[in-house]
Amino acid sequence: MKVTTKTRYGLRAMIEIARETNNHGILQKDIAERQNISIKYLDQIILNLKTAGLVSNVHGKKSGYKLAKLPEEISLLDIYRAFEPVIQIIDCLGSHYVCNKEEYCAAKSVWSGLNKVIFDYFNSYTLADILTHQIKLEEVAGL
């Protein structure tokens, strides 16, 4: 399993949006600058996050972005799913995959167990947890 660049940048964008507690939100150009992401690429990322119901515009177009939910209510899994519909480490775990060995395949149960561990891990972290960790790291680094 490989986490896509959009997913990684999506998490970084969510951290920046979660930082802003003012009523104006954060401008896209500020997210792009702080995270070194091109505006054009960030457009696609923000669109996914908006479609997933994780962020919204504060006052329409060309305004700041804010979280659509509290950081405690947004899991890493929610952010991941804004870009990838499911966690599926191998094809045979998909609901539409047909395999003639499925009924007696020990390997599938191993991969299924690993898939569940990843799912549970992603679901166990909230954006609030990640933001708290980010702030601590910056304090240690003197930023």
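All figures in this text were calculated on a predicted structure; none of them were measured in a lab.

### As for the overall build of the protein
Then, in step 1: Secondary structure summary: the protein contains 6 helices and 2 strands in total.
Then, in step 2: Starting at the N terminus, the α and β elements of the protein follow one another as α-α-α-β-β-α-α-α.
Then, in step 3: Considering only C-alpha atoms, the protein reaches an extent of 55 × 35 × 25 Å along its principal axes.
Then, in step 4: Looking at the protein as a whole, 35% of its 143 residues qualify as buried.
Then, in step 5: For the protein, the exposed area adds up to about 9300 Å²; of that, 54% sits on carbon and sulfur atoms.
Then, in step 6: Taking the average location of the 18 positive side-chain charges in the protein and that of its 16 negative ones, the two points are 6 Å from each other.

### Re unusual backbone geometry
Then, in step 1: A positive phi angle, close to 55 degrees, is found at Asn-36, a residue other than glycine.
Then, in step 2: On the secondary structure map, Asn-36 appears in the loop between helix H2 (28-35) and helix H3 (39-51).
Then, in step 3: The exposure class of Asn-36 is exposed, given its relative accessible area of 69%.

### Section: the environment of Arg-19
Then, in step 1: Relative to the helices and strands, Arg-19 resides in helix H1 (residues 5-19).
Then, in step 2: Residue classification places Arg-19 among the partly exposed residues on the basis of a relative accessible area of 26%.
Then, in step 3: Placed 47 residues apart in sequence, Arg-19 and Lys-66 show a C-alpha to C-alpha distance of 9.4 Å.
Then, in step 4: Not counting the four nearest positions on each side in its chain, Arg-19 is found in contact with Arg-34, Leu-131, Gln-134 and Glu-138.
Then, in step 5: Within the local environment of Arg-19, its side chain forms a polar contact with the side chain of Glu-138, the two groups lying 2.4 Å apart.

### What about the packing of aromatic side chains?
Then, in step 1: Counted according to the given criterion, the structure contains 4 aromatic pairs.
Then, in step 2: Through a chain of ring-to-ring contacts, the aromatic side chains of Tyr-80, Tyr-121, Phe-122 and Tyr-125 assemble into a single cluster.

### Details of the nonpolar core
Then, in step 1: Counting residues in hydrophobic clusters, the biggest one holds 32 residues, and the most contacted among them are Met-14, Ile-17, Leu-42, Ile-45, Leu-49, Leu-67 and Leu-127.
Then, in step 2: Mapped by element, the contributors of at least two residues to this core are H1, H2, H3, strand S2 (65-67), helix H4 (76-81), helix H5 (106-124) and helix H6 (127-141).
Then, in step 3: Setting aside chain neighbours within four positions, we find Leu-127 in contact with Met-14, Ile-15, Ala-18, Leu-67, Pro-71, Ile-74 and Ile-79.

Reading the values: the criteria
- Residues numbered from 1 in each chain as written.
- Predicted model: local features only at pLDDT ≥ 70, side-chain atom pairs only at ≥ 80, totals over all residues.
- Heavy atoms only, no water.
- Helix = DSSP H or I, 4+ residues; strand = E, 2+ residues; numbered from the N terminus.
- Buried < 20%, exposed > 50% of the residue type's maximum accessible area, 1.4 Å probe, protein only.
- Areas by Shrake-Rupley, 256 points an atom, 1.4 Å probe, with all protein chains shown as cover.
- Lys, Arg positive; Asp, Glu negative; His and termini not counted.
- Charge placed at Lys NZ, Arg CZ, Asp CG, Glu CD.
- Contact = heavy atoms within 4.5 Å.
- Polar contact = N/O pair within 3.5 Å; in protein donor to acceptor, adjacent residues only side chain to side chain.
- Phe/Tyr/Trp six-rings, centres within 6.5 Å; stacked < 30°, edge-to-face > 60°.
- Core = buried A, V, L, I, M, F, W, Y, C linked by side-chain atoms within 4.5 Å.

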